[in-house]
Structures are given as C-alpha cells and as structure tokens.
Amino acid sequence: MERKKEEEVGKVSVIETWLRKHRLVYIGATRHPFIHSIRDGTVDLSSFKLWLEQDYIFVRAFIPFVASVLIKASKESSADACDDLEVILGGMVALNDELNWFKKEASKWGVSLSNVTPKKANLKYCRLLERLASPEVEYTVAATAFWAIETVYQDSFAHCLEEDSNVPEDLKETCKRWGNDGFGQYCAALQTIAERCLEKSSEDERKKAEVVFLDILENEVEFWNMSQKDHV
Ligand SMILES: Cc1ncc(CNC=O)c(N)n1
C-alpha cells in the first residue's frame, strides 16, 4: 500500500516545520551549558548573579515590546483574533509580577539592580526588541517573536525541573518562574496566536517571521554565553 505523505495525514504547522528545520539552533538556545549547570547544580554563583542583573534590564526592555504587540493585536480586525488581546494583556500583568520578583530575588542574593551596565549581548538583544516594536513590523512577525522569546525560557527552565535534575534549593524559585505549568500554557496560547497568523500570511511575511525566529534563538544563545563567560 502506498504510504501517505504527512500533509495528507495531518498538516504540519509552520512552527513545527521550523522547529524541525532549525532543531540544532533551538536546542542550542534551550539546552545551553548555563542551563545545564543550573539543572545539575554546578552553576557558578557569580554567573547566576550576572544573569540575574542583566535579565532584569532585558525584561524592562521587553515590556515596551510586549506593549507594541498589544497595540497591533488591538488593531486586528478578524474575529478569530479577538482573544489575542486578553492573552497578551495577561502577559503584561505577569511581567509586572516579574519585575517585583527580580527585586526580591536580587536582594536575596545581595545583588544591586540600580546602576547595572548592560553588556554587549544584552544591548544587542534589546536593540532587536526595539526594532521589532516598530509599527512597520507586521503583527505576524511580532507575535512570532513574542512566542519565541517566552518559549526559550519556558523550555529551558522546565528542563531544569524534570525529575532527574539536581537544582539547588535556592535556585528552584527561578526555574519555577518560567518552568511552571501555567507559564507553559501561556506559551502554548502564544503559539496558537502566532501559528494562526502564520497560516494566513503571505510567503514574504512568513519568511520574515522565520528570520526573526532564528535571530531570537541566536540572541538567546549569546545571552546565556554572556552570563557564563563575561564575569570574573
Ligand atoms: C533573555 C530573556 N529571554 C526571555 C525571557 C523570558 N521573558 C520574560 O521574562 C527573559 N526573561 N530573558
């Protein structure tokens, strides 16, 4: 009997296709040595503190980007986009919580969050966020970027919470912040939004979104690298 092609059995989503095509880059971003070191408990504390202060700066820059996605969602006219606004707004609310968490966590580790100088990789990533927040960037591209940024953290920290991990007690809170089930569901909702946009977008727009997806993965790798190597 003739074997059916995948498309005939069940259509493979755009995002699923990318994840297969760029699997190694995705693994590089979500299974980085820094994440492994948290997972197995060998993490260098000065690296962790450096990551903490740099990520606080990143999250502050991430908020206006998310606001720009919210504005784009509010201008979508299609009926199937009407729930997007609530998902994105939920993300904004979580970020307010997150800023407070950073402050609490920083004081726990004796890290000061005022006067932190952003490092090169962080500045580069924040500049990408700024470009992506521009009104000229299509909703599809922005929504894809949003999904990718959140998902890298979700996937990385959920990996640290798996049964065979050995995360030190005082780092568990950090892993749970992004690795918890609720955050996983939120990322799944973002994926649904991005996928719906991608399915109905033009070839050109889809290509742009794929380039941005890869750009984000590379920036995430460099961000982890920075945390591991730039201190001392
Ligand atoms: C560098 C980076 N990427 C993704 C996230 C997760 N999003 C919001 O917290 C993050 N905090 N930092």
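Residues numbered from 1 in each chain as written. Predicted model: local features only at pLDDT ≥ 70, side-chain atom pairs only at ≥ 80, totals over all residues. Heavy atoms only, no water.

### Description of the overall build of the chain
Selection rule: Counting from the N terminus, the helices are the DSSP runs of H or I reaching at least four residues and the strands are the DSSP runs of E reaching at least two. Note that the radius of gyration is over C-alpha atoms, with the globule rule given as 2.2 Å times the number of residues to the power 0.38. Think of it in three bands: with a 1.4 Å probe and only protein chains considered, a residue is buried below 20% of the maximum accessible area for its type, exposed above 50%, and partly exposed in between. We call two residues contacting when some pair of their heavy atoms lies within 4.5 Å.
Looking only at helices and strands, the chain has 11 helices and 0 strands in total. Starting at the N terminus and ending at the C terminus, the chain contains elements arranged as α-α-α-α-α-α-α-α-α-α-α. In terms of overall dimensions, the chain is globule-like: its C-alpha atoms have a radius of gyration of 18 Å, near the 17 Å expected for 232 residues. Taken over 232 residues, the chain has a buried fraction of 47%. Of the contacts made within the chain by residues no fewer than 6 positions apart, 87% connect residues no fewer than 24 positions apart.

### Examining the site of the ligand
This is how it is decided: Proximity is defined per residue: if any heavy atom of the residue lies within 4 Å of a molecule or strand, that residue is considered near it. Counted as a polar contact is a pair of N or O atoms within 3.5 Å, where, for protein atoms, one must be capable of donating a hydrogen and the other of accepting one, and residues adjacent in sequence contribute only when both atoms are in side chains. Computed by Shrake-Rupley with a 1.4 Å probe, the accessible areas treat only the displayed protein chains as cover when residues are assessed. The way it works is a 1 Å grid over only the protein atoms, where trapped points that fit a 1.4 Å probe form a cavity and open points with protein on both sides within 12 Å along at least five of seven lines form a pocket, and then any residue with an atom within 4 Å of a point lines it. Assignment to a cavity or pocket requires that more than half of a molecule's atoms be within 2 Å of the site's grid points.
In the vicinity of the ligand, the contacting residues are Asp55, Phe58, Val59, Phe62, Glu98, Tyr125, Ile149, Glu150, Tyr153, Trp178, Glu220 and Phe223. Between the ligand and Trp178 there is a distance of 3.2 Å, counted from an oxygen atom to a side-chain nitrogen or oxygen. Protein coverage of the free-state accessible area of the ligand, which is 320 Å², stands at 100%. With respect to the pocket detection grid, the ligand is positioned in the largest cavity. Elements supplying a minimum of two residues to the shell around the ligand: helix H5 (45–75), helix H8 (139–160) and helix H11 (203–229). At 4 residues, the largest contribution of residues to the shell around the ligand is made by H5.

### Considering the nonpolar core
Rule in force here: For the purposes of this section, nonpolar cores are sets of buried Ala, Val, Leu, Ile, Met, Phe, Trp, Tyr and Cys residues that join through side-chain atoms within 4.5 Å.
Of all hydrophobic cores here, the largest spans 71 residues; its most connected members are Trp51, Phe65 and Phe157. With 13 residues, the top contributor of residues to this core is H8. With near-sequence residues (within four places) excluded, Phe65 lies in contact with Leu129, Leu132, Ala133, Ala142, Ala145, Phe146 and Ile149.

### Brief notes about the UniProt feature "active site" (unreviewed entry) in the chain
For the record, the criterion: UniProt positions are given in the numbering used here, feature names are shortened, and annotations may be inferred rather than shown by experiment.
The positions that UniProt labels "active site" (unreviewed entry) are, in the present scheme, Glu220. If you trace the backbone, Glu220 turns up in helix H11. Glu220 gets classed as buried once you look at its relative accessible area, which sits at 2%.

### Section: the UniProt feature "binding site: substrate" (unreviewed entry) in the chain
UniProt marks Asp55, Glu98 and Glu150 with the feature "binding site: substrate" (unreviewed entry), using the numbering shown here. The largest pairwise C-alpha distance within this set of annotated residues, which runs over 96 residues, is 13.0 Å, so the set is compact in three dimensions. If you take the residues mentioned a moment ago, the ones lining the largest cavity come down to Asp55, Glu98 and Glu150. One can find Asp55 in helix H5. Apart from residues no more than four positions distant in its own chain, Asp55 is found in contact with Phe102, Tyr153, Trp178 and Phe223. Summarising the element assignment, Glu98 is placed in helix H6 (residues 84–109).

### Quick look at empty space enclosed by the protein
Using the following cut-off: Grid points are joined across faces, edges and corners, and a volume is the space filled by probe spheres set on the points. For this scheme, ten residues count as nonpolar: Ala, Val, Leu, Ile, Met, Phe, Trp, Tyr, Cys and Pro. Four count as charged, namely Asp, Glu, Lys and Arg, and the remainder, Gly too, count as polar.
The final tally for this structure, using the stated rule, is 3 cavities of 30 Å³ or more. Of the pockets and cavities examined, the largest cavity occupies roughly 80 Å³. Considering the residues around the largest cavity, the lining is formed by Asp55, Phe58, Val59, Phe62, Leu95, Glu98, Ile149, Glu150, Tyr153, Trp178 and Glu220. Looking at the lining of the largest cavity, the elements with two or more residues in it are H5, H6 and H8. A per-class count over the lining of the largest cavity returns 7 nonpolar, no polar and 4 charged.

### Observations concerning the side chain of Lys72
Stated formally: Residues counted as positive are Lys and Arg, residues counted as negative are Asp and Glu, and His and the chain ends are not counted. Every case where a carboxyl oxygen of Asp or Glu lies within 4 Å of a side-chain nitrogen of Lys or Arg is listed as a salt bridge.
Mapped onto the elements, Lys72 comes out in helix H5. Put simply, Lys72 is tucked away with no salt bridge, and the nearest opposite charge, on Glu138, sits 7.6 Å away. Among the polar contacts listed, one links the side chain of Lys72 to the backbone oxygen of Leu132, at a separation of 3.5 Å. Setting aside residues no more than four positions away along its own chain, Lys72 makes contact with Leu132, Ala133, Ser134, Pro135, Val137, Tyr139 and Ala142.

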